[in-house]
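A closer look at the structure
The residues making up each chain are set out below.
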There are 2 protein chains.
Amino acid sequence: MQEKGISQAVIGRLPRYLRYLGDLKERNIERISSQELSSLMNVTASQIRQDFNNFGGFGQQGYGYNVDYLYDEISKILGLDHSHSFVIIGAGNLGKALGNYLNFERRGFIFKGMFDKNPELIGQMVRDVEIRPMEELEVFLRENTIDIAVLTIPKTGAVGLVDTLVDNGIKAIWNFAHVDLDVPKGVQVENVHLSDSLMKLSYNISRYNDSKEN
Amino acid sequence: MQEKGISQAVIGRLPRYLRYLGDLKERNIERISSQELSSLMNVTASQIRQDFNNFGGFGQQGYGYNVDYLYDEISKILGLDHSHSFVIIGAGNLGKALGNYLNFERRGFIFKGMFDKNPELIGQMVRDVEIRPMEELEVFLRENTIDIAVLTIPKTGAVGLVDTLVDNGIKAIWNFAHVDLDVPKGVQVENVHLSDSLMKLSYNISRYNDSKEN
DNA sequence: ATATATTTGATAATTTCTTGACAAAGTATC
DNA sequence: GATACTTTGTCAAGAAATTATCAAATATAT
């Protein structure tokens, strides 16, 4: 499986493919053509074939794609065939929401720890994980192998935390703080900037209303 | 201000510009050149100028851009110069997190109502909004002018709710349910698929580790 | 007031991404 | 087993997005 220089645009589409393939699996559908998937997903069949072919041929001429096989292959590409441990830093509603979301576990994302600086929250349980004080974070990271840190704290705290995380073995940050994090090469950051998303929605509302008036 | 056929790629960058301009405002910086902003934000100066010029010229040769003016103009483009009311449907941790996030209010997004089907949650307050039973949603939407529905419920519920929302005046859906919603033309949907985002992170972790081994 | 430096806005060049087209390979049918 | 049909993988064309370039406009320095 050759995988060099795959664009993030392609990667960004893979989870959606996986979701539709999962639905097909549940409906016990065994095979699917790019054409069928195309009309299901509202993307061109050509793009589907092109996307899959970035990773080698998963289909068969005259037949299409085997749903189970394709599902597994895309899972592997996305690294979902082995598990990732994570801690959540910031035990507000957002942190708790993510900690409670069981689907992550099903995908191999294992919830290992949760930290907050608010003394009132310490000791509370989120699923089977106890909220610990921030002071214990560093030791915890050293004594456990944690892949991903989920940052659900305000931006002021987030920036100062990066070094601690990276120095103690964190390989990836899922960043919900509204700030761009500066990390060393090799550390992955995925931003979820909710207010950016809301602003895009706002733009599209306004644009549509304007275009109606003209 | 001419605004036709602006790509979503450009729109997607505007909130980030706005964030950096806000920081500059706070630091009382009055003017900035595309070159300076470029090195601050790690994008090319050319892209910055190109992006801004989609909406007309905001800068001045030999001077650069006036920070306050540019900030205001981008705010207007994003529709942040007038307010949007929203309701949250689904009062789990995620819904509560969004309801409690005060920054939305500052941008003119006004939290008007919250709904859940779980009887135990009814009557609880999230900020100054009371959680109501789902049965009251339709009447509420008819009696109040609500622009945006925020869907923080599981996908099974989300799909069936779209018609109710649209029929009662909702113009936009901020969708956190892990499903693609089918809406009539003119209704805007902005998806936040958190697990997709996490999978992208997973891909990038795996890819980096693989490239180290080769 | 003049000369020099800066910086935009616009256009052109380049690169990336998406879509179209079709031969080759397989499946299904008779 | 031969024929017609389906569908991929690949390559080429087209479209879109990004980056480079530069004249024109303005600011700053002398």
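Look up a bit, the structure's there.
Now for a look at the structure at hand. (Residues numbered from 1 in each chain as written. Chains lettered and ligands numbered in written order. Predicted model: local features only at pLDDT ≥ 70, side-chain atom pairs only at ≥ 80, totals over all residues. Heavy atoms only, no water.)

Chain B puts 59 residues into the contact, and the matching count from chain A is 59 residues. Summing the contributions of chain B and of chain A, the shared interface buries around 5300 Å²; its carbon and sulfur component is 62%. Three residues stand out in chain B for area buried against chain A, namely Arg-19, Met-199 and Tyr-203 of chain B, and they jointly supply 14% of the buried area on that side. Counting the contacts that link chain B with chain A gives six salt bridges. Linking Arg-16 of chain B and Asp-180 of chain A is a salt bridge whose minimum nitrogen-to-oxygen distance equals 2.8 Å. There are 24 residue pairs in polar contact (both at pLDDT 80 or more) connecting chain B and chain A. At 16 residues, the largest contribution of residues to the side of chain B that touches chain A is made by helix 9 (residues 194-213) of chain B. (Contact = heavy atoms within 4.5 Å. Buried area = accessible area lost by both parts, 1.4 Å probe. Salt bridge = Lys/Arg side-chain N within 4 Å of Asp/Glu carboxyl O. Polar contact = N/O pair within 3.5 Å; in protein donor to acceptor, adjacent residues only side chain to side chain. Helix = DSSP H or I, 4+ residues; strand = E, 2+ residues; numbered from the N terminus.)

So, about the relation of the copies chain B and chain A. With an RMSD of 0.1 Å, the operation that places chain B on chain A is a rotation of 180° combined with a shift of 0.0 Å along the axis. These values place the two chain copies in the arrangement generated by a two-fold rotation axis. (Least-squares fit on C-alpha atoms with pLDDT ≥ 70 in both.)

Another point: the protein's contact with DNA strand C. Near DNA strand C lie 26 residues; those nearest to it are Arg-13, Ser-46 and Gln-50 of chain A together with Ser-34 and Gln-61 of chain B. Ser-46 of chain A is positioned such that a nitrogen or oxygen atom in its side chain is 2.8 Å from a base nitrogen of DNA strand C. Only helix 3 (45-53) of chain A together with helix 3 (45-53), strand 2 (59-60) and strand 3 (64-66) of chain B provide two or more residues apiece to the surface near DNA strand C. Counting residues per element, the surface near DNA strand C draws most heavily on helix 3 of chain A, which supplies four residues. When the residues that make up the surface near DNA strand C are grouped by side-chain class, the tally is four nonpolar, 18 polar and four charged. (Near = heavy atom within 4 Å. Nonpolar A, V, L, I, M, F, W, Y, C, P; charged D, E, K, R; others polar.)

All names here are of chain A. Strands sit in the order 6-7-5-4-8-9-10 across an open sheet of seven strands; the sheet is mixed. Strand pairing shows two members of the sheet lacking a second neighbour, strand 6 (125-126) and strand 10 (188-191), which therefore form its edges. Strand direction decides the pairing type here: strand 9 (residues 172-175) and strand 10, joined by four bridges, are parallel. Paired with Trp-174 across the two strands is Glu-190, which belongs to strand 10. Each of strand 4 (84-89), strand 8 (148-151) and strand 9 touches helix 8 (residues 155-167); the most contacted strand, strand 8, lies at about 170° to it. (Pairing = 2+ DSSP bridges. Axes fitted to C-alpha atoms, helices over the stretch in contact; angles between N-to-C directions.)

Below, the discussion takes up the packing of helix 5 (residues 93-100) of chain A against helix 5 (residues 93-100) of chain B. The geometry of helix 5 of chain A relative to helix 5 of chain B is characterised by a closest axis approach of 8 Å and an angle of 160° between their N-to-C directions. When the axis of helix 5 of chain A is compared with that of helix 5 of chain B, the two are roughly antiparallel. The way helix 5 of chain A lies across helix 5 of chain B gives a crossing that is left-handed. In this structure, helix 5 of chain A uses Asn-93, Leu-94, Lys-96, Ala-97 and Asn-100 of chain A to contact helix 5 of chain B, whose residues at the interface are Asn-93, Leu-94, Lys-96, Ala-97 and Asn-100 of chain B. (Parallel < 35°, antiparallel > 145°, perpendicular 65-115°, else oblique. Left-handed = near helix turned anticlockwise from the far one by under 90°.)

To continue, consider the side chain of Lys-96 of chain B. In this structure, Lys-96 of chain B sits in helix 5. Although Lys-96 of chain B is buried, it makes no salt bridge; Asp-116 of chain B carries the closest opposite charge, 8.0 Å away. In contact with Lys-96 of chain B, not counting residues within four places along its chain, are Asn-93 of chain A together with Ala-91, Met-114, Leu-121, Gln-124, Val-126 and Ile-131 of chain B. (Buried < 20%, exposed > 50% of the residue type's maximum accessible area, 1.4 Å probe, protein only. Lys, Arg positive; Asp, Glu negative; His and termini not counted.)

Right, let's get into the sheet that holds strand 2 of chain B. All names here are of chain B. Here three strands make up an open sheet; going across it, the order is 1-3-2 and the pairing antiparallel. The open sheet is flanked by strand 1 (31-32) and strand 2, the only strands paired with a single partner. Relative to strand 3, strand 1 runs antiparallel, the two being bridged by two bridges. When the bridges of strand 3 are listed, Ile-32 appears paired with Tyr-65. Against the sheet, helix 4 (residues 67-77) contacts strand 1 and strand 3, and its axis sits at roughly 75° relative to strand 3.

This brings us to the pattern of salt bridges. Applying the stated criterion across every chain, the model contains 20 salt bridges over all chains. A salt bridge links Lys-76 of chain B to Glu-73 of chain B, with the shortest nitrogen-to-oxygen separation between them at 3.2 Å. Here Glu-73 of chain B and Lys-76 of chain B lie together in helix 4, a separation of three residues that amounts to about one turn. For Glu-73 of chain B, a relative accessible area of 8% puts it in the buried group. A single salt-bridge network, built from bridges that share partners, covers Arg-16 and Arg-19 of chain A together with Asp-180 of chain B.

What follows deals with the protein's contact with DNA strand D. In the vicinity of DNA strand D there are 26 residues, among which Ser-34, Gln-61 and Tyr-65 of chain A together with Ser-46 and Gln-50 of chain B approach most closely. Between a phosphate oxygen of DNA strand D and a side-chain N or O atom of Thr-44 of chain B, the distance comes to 3.1 Å. Between DNA strand D and the protein, one listed contact pairs a base oxygen with a side-chain N or O atom of Gln-50 of chain B at 2.5 Å. Sorting the residues of the surface near DNA strand D by element identifies helix 3, strand 2 (59-60) and strand 3 (64-66) of chain A together with helix 3 of chain B as the ones contributing at least two each. Tallying contributions element by element places helix 3 of chain B first for the surface near DNA strand D, with four residues. For the surface near DNA strand D, the class distribution of residues is four nonpolar, 18 polar and four charged.

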